[in-house]
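Residues per chain, in single letters:
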Amino acid sequence: MITREVREWMQKVERGQYSYDDAMYEFIRFSAFLTREEMKMIKSKIENSYKK
């Protein structure tokens, strides 16, 4: 389940407040609590945010 903290983290990633490495580190920390579909969606958002 995506919590408020995860949503806030995703917003920070989209705004570029984290380096790619820091974003992936945070993702790894909470990914065990997500479903496979949520993980794919978030990973896609991370990759799209850093392709720019």
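In what follows, the accompanying structure is described. Every value quoted in this text rests on a predicted model; they were computed, and no experiment measured them. (Residues numbered from 1 in each chain as written. Predicted model: local features only at pLDDT ≥ 70, side-chain atom pairs only at ≥ 80, totals over all residues. Heavy atoms only, no water.)

## Examining the overall build of the protein
So, step 1. Within the protein, the regular secondary structure consists of three helices and zero strands.
So, step 2. When the helices and strands of the protein are read in sequence order from the N terminus, they spell out α-α-α.
So, step 3. What you see for the protein is a C-alpha radius of gyration of 10 Å, in line with the 10 Å of a compact globule of 52 residues.
So, step 4. With the C-alpha coordinates aligned to their principal axes, the bounding extent of the protein is approximately 25 × 20 × 15 Å.
So, step 5. For the protein, with 52 residues in total, the buried portion stands at 29%.
So, step 6. Within the protein, contacts between residues at least 6 apart in sequence are counted, and of these 59% link residues at least 24 apart.
So, step 7. When the accessible surface of the protein is split by element, carbon and sulfur atoms take 52% of a total near 4100 Å².
So, step 8. On the protein, the mean spot of the 11 positive side-chain charges and the mean spot of the 9 negative ones are 3 Å from each other. (Helix = DSSP H or I, 4+ residues; strand = E, 2+ residues; numbered from the N terminus. Rg over C-alpha atoms; globule rule 2.2 N^0.38 Å. Buried < 20%, exposed > 50% of the residue type's maximum accessible area, 1.4 Å probe, protein only. Contact = heavy atoms within 4.5 Å. Areas by Shrake-Rupley, 256 points an atom, 1.4 Å probe, with all protein chains shown as cover. Lys, Arg positive; Asp, Glu negative; His and termini not counted. Charge placed at Lys NZ, Arg CZ, Asp CG, Glu CD.)

## Overview of the packing of helix H2 (residues 20-30) against helix H3 (residues 36-50)
So, step 1. Axis separation between H2 and H3 bottoms out at 11 Å; the angle between their running directions is 175°. The pairing of H2 with H3 is recorded here as roughly antiparallel in orientation. For the pair H2 and H3, contact is made by Tyr-20, Ala-23, Met-24, Phe-27 and Phe-30 and by Met-39, Ile-42, Ile-46 and Tyr-50, respectively. (Axes fitted to C-alpha atoms, helices over the stretch in contact; angles between N-to-C directions. Parallel < 35°, antiparallel > 145°, perpendicular 65-115°, else oblique.)

## Details of the packing of aromatic side chains
So, step 1. Counting across every chain of the model gives four aromatic pairs.
So, step 2. Between Trp-9 and Phe-30 the ring centres are 5.0 Å apart and the planes differ by 80°, which places this aromatic pair in the edge-to-face class. Of this pair, Trp-9 sits in helix H1 (residues 4-15) while Phe-30 sits in helix H2; the two residues are 21 residues apart in sequence, bridging distant segments of the chain.
So, step 3. By relative accessible area, Phe-30 is classed as buried at 14%.
So, step 4. Pairing Phe-27 with Phe-30 gives two aromatic rings, centres 5.9 Å apart and planes at 90°, and the pair type is edge-to-face. Of the two residues, Phe-27 and Phe-30 both sit in helix H2, three residues apart, roughly one turn of that helix. Across the pair, exposure class does not vary: Phe-27 and Phe-30 are buried alike.
So, step 5. An aromatic cluster is defined as three or more aromatic residues linked by ring pairs; in this entry it consists of Trp-9, Phe-27 and Phe-30. (Phe/Tyr/Trp six-rings, centres within 6.5 Å; stacked < 30°, edge-to-face > 60°.)

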